[in-house]
Amino acid sequence: MHLGIGNFHRAHQAIYADDCLAAGQLDWGIIGASLRSSETRDALAPQDNLYTIVGHQDEQTSLRIVGSIGHILVAPEGPAQLLKALVDPRIRIVTLTVTEKGYTTDLASRTLLKDHPDVRHDLEHVAAPRSVVGFLAEAIARRRERSVRPFTVLSCDNLPANGDTVRKILLEFTAGRDTDLEHYIRDEVAFPSSMVDRIVPATTDEVRAEVSRKSGLRDAWPVMTEPYTQWVIEEQFPAGRPDWARSGALFVGNVAPYEHMKLRLLNGAHSAIAAIGRVAGLETVDKAIGHPAIRTFIEGYWTEAGATVSRELNPGAYTRKLLERFANPALGHRTEQIATDASQKVPQRILTPLRELRAKGLPNAHLVFAVAAWIRSCAGYDDSGKAFSLNDPTLTTWRGMPDQALCSAEETTSAFMSNSSVFGDELPRDIPFVHSVASALQIFRENGAVAAIAALSQNRI
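Just so we're clear, the structure is a prediction, and the values are computed from it rather than from any experiment.

**What about the pairing of strand β4 (residues 60-66)?**
Regular strands place their side chains on alternate faces of the sheet. With seven bridges joining them, strand β3 (residues 51-57) and β4 adopt antiparallel strand pairing. Bridge pairing in β4 places His-56 opposite Thr-61. Hairpin connection of β3 to β4: two residues between the antiparallel strands, including Asp-58 at a positive phi of 55°.

Here it is as structure tokens:
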């Protein structure tokens, strides 16, 4: 069972499953579920849940039809139906790509948002859950009652120690519901951590038209991606697993070093590029990284963030490959897409390595500027004054959001530092850090995004 049947899953885990099927391993397949919208189900059901993967690298295009998803459920239409499927003994693994906000978690402290409306609802209405933790808890409870072996819970989202994080919040949730269930989950359910890596832009009408033109088939929802893919997984599957290694998945005892490298170098740089690009009026990653000042800034960012990554994984080679991937013009990966829900991403992508650098007294100016760039982007307009949508519900409903057109850089920074769900409690007390962010924000305001980062890179600040 996969919860969160979006583009990334269909370009990543579903491909690994499809490779297993193609090799004759026919005892594994995928039931997908959406926790919010029927959009994916409605698009794929008329075509038997088949869809096209469009691989793009420069001028080369490849098409592949994927058939590993057998059925798609929509939770809001029938939570009982999804629970029934989760309790089925044939379900031995539940994978998740529900994005950072789907875990109803304060990512700065890795604690459950107990006041979240969905969490409160699920504690009161256990048979009709809405949230990930609600569905997992009720499904595990029913399996235990029926003496059905628990499934393995495998998060494939960009969370630090995602397996441990999901386990922790599920235990918090069940502690408020049933302590016996909490103890059962603690003792019997496996939560391996994993790291996933593949760039998957949003599907456009141009991609649909390309598939139709090149294949002669109409596909309501193809998925475009790059050739590169990576999946590193901790080997904890008491109920068994498919042979994902056939497609190159790497099984390890500890995924943390790989996770750190990907979150801090790829995802952190992506978030920095998204903020700078939006303020500079650059709509795609390839256009942004193609700008000499932004490329130089990102290389400086990688030098600093790379100091928090295991040298054994060769972060230099990894970032050189990232430059090629980011520069791929065929993907058209939009900065707007990457900036979605940025307030949920900045804590683990940028602030976590920044804390480590500051604690060790290591250079961190580029990460500070990335924080300032994100704050500047939250003003909702670019350097030319053109407005853009933030698409960050958690941030836009935050009551402390300042009007950057009226507040000074110091006032704006102070307001953002009060948002503990992003900055936690420690960083706002680091006065030199707060002053550095405010100073960088003022430079962004006075010079514009590109000139600001160019000044930093040229040691003019």
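**Observations regarding the packing of aromatic side chains**
Scanning the entire structure with this criterion turns up nine aromatic pairs. By way of ring pairs, the aromatic residues Tyr-16, Trp-231, Phe-237, Trp-244 and Phe-251 are connected into one cluster. Over the face of the ring belonging to Tyr-184 we find Arg-144, whose NZ or CZ atom lies 5.7 Å from the ring centre. When the ring centre of Phe-251 is taken as reference, the NZ or CZ atom of Arg-241 above it lies at 3.6 Å.

**Quick look at the nonpolar core**
Ranked by size, the top nonpolar core spans 70 residues in total, and within it Ile-298, Trp-302, Phe-326, Trp-374, Phe-423 and Phe-433 carry the most contacts. Per-element tally for this core: the top contributor is helix α10 (residues 256-280), with ten residues. If near-sequence neighbours (up to four positions away) are discounted, Trp-374 is found in contact with Ala-275, Ala-342, Ser-343, Val-346, Leu-395, Phe-416, Val-422 and Phe-423. Counting 39 residues, the second largest nonpolar core, distinct from the first, contains Ala-33, Ile-91, Leu-96 and Phe-135.

**Concerning the sheet that holds strand β12 (residues 230-234)**
Ordered in space as β10-β12-β13, the three strands form an open sheet in which the pairing is mixed. The sheet terminates laterally at β10 (194-197) and β13 (250-252), the two strands that pair on one side only. Each strand of the sheet is rotated relative to its neighbour by a mean of 15°, with strand direction disregarded. Inspection of the sheet shows β10 paired to β12 by four bridges, in the antiparallel sense. What sits directly across from Met-195, in β12, is Val-232.

**Things to note about the sheet that holds β4**
The strand order across the open sheet built from three strands is β4-β3-β11, with neighbouring strands paired in mixed fashion. This sheet does not close on itself; its edge strands, each paired only once, are β4 and β11 (223-225). This sheet shows a mean twist of 20° between the axes of neighbouring strands, independent of strand direction. Where helix α2 (residues 13-22) meets the sheet, it contacts β3 and β4, and its direction lies at approximately 70° from that of β4.

**A look at the environment of Phe-423**
Assignment of secondary structure puts Phe-423 in helix α19 (residues 420-423). The class for Phe-423 is buried, based on a relative accessible area of 0%. Once residues within four sequence positions are removed from consideration, Phe-423 is found in contact with Leu-351, Arg-355, Val-371, Trp-374, Ile-375, Phe-416, Met-417, Pro-428 and Phe-433.

**Things to note about unusual backbone geometry**
Located in the positive-phi region is Asn-49, a residue other than glycine, with phi close to 60°. Relative to the elements of secondary structure, Asn-49 occurs in the loop between α3 (39-44) and β3. The backbone of Arg-110 sits at a positive phi, close to 55°, despite the residue not being glycine. Within the secondary structure, Arg-110 is located in the loop between β7 (105-106) and β8 (111-112).

**A look at a nonpolar patch on the surface**
Among the surface-exposed residues, Leu-50, Ile-65 and Leu-217 lie close enough to one another that they form a single nonpolar patch of about 260 Å² accessible area. Its place among the elements puts Ile-65 in strand β4. The exposure class assigned to Ile-65 is partly exposed, which follows from its relative accessible area of 47%.

Parameters at a glance
- The residue numbering used here restarts from 1 in each chain and proceeds along that chain's sequence as written.
- Local features in a predicted model are, by the rule used here, given only for residues with pLDDT of at least 70; side-chain atom pairs are given and counted only at 80 or more, and totals for whole chains, interfaces and linings are based on all residues.
- Hydrogens are left out, water is left out, and the side-chain values use all remaining heavy atoms of the structure.
- Strand pairing is assigned whenever DSSP detects at least two bridges linking the two strands.
- Secondary structure elements follow DSSP: runs of H or I of four or more residues count as helices, runs of E of two or more count as strands, with numbering from the N terminus.
- Each Phe, Tyr or Trp ring (for Trp, its six-membered ring) is paired with any other whose centre lies within 6.5 Å, and the angle between the two planes then decides the class: stacked below 30 degrees, edge-to-face above 60, tilted in between.
- Should the NZ of a Lys or the CZ of an Arg lie within 6 Å of a ring centre and within 35 degrees of the ring normal, that charge is described as sitting over the ring.
- For this analysis, a nonpolar core means a set of buried residues of the types Ala, Val, Leu, Ile, Met, Phe, Trp, Tyr and Cys, connected via side-chain atoms within 4.5 Å.
- For every residue, the accessible area obtained with a 1.4 Å probe (protein chains only) is divided by the maximum for its type, and the residue is called buried under 20%, exposed over 50%, and partly exposed between those limits.
- Note on contacts: a residue pair qualifies if any of its non-hydrogen atoms lie within 4.5 Å across the two residues.
- Axes here mean lines fitted to C-alpha atoms, for a helix over just the part in contact, with angles spanning 0 to 180 degrees between N-to-C directions.
- Like charges within 9 Å and nonpolar side chains (Val, Leu, Ile, Met, Phe, Trp, Tyr) within 5 Å are joined into patches, using only residues over 30% in relative accessible area that form no salt bridge.
- Areas reported here follow the Shrake-Rupley algorithm with a probe of radius 1.4 Å; residue values treat only the protein chains shown as occluding.
- Take a side-chain nitrogen of Lys or Arg and a carboxyl oxygen of Asp or Glu: if they are within 4 Å of each other, that pair is a salt bridge.

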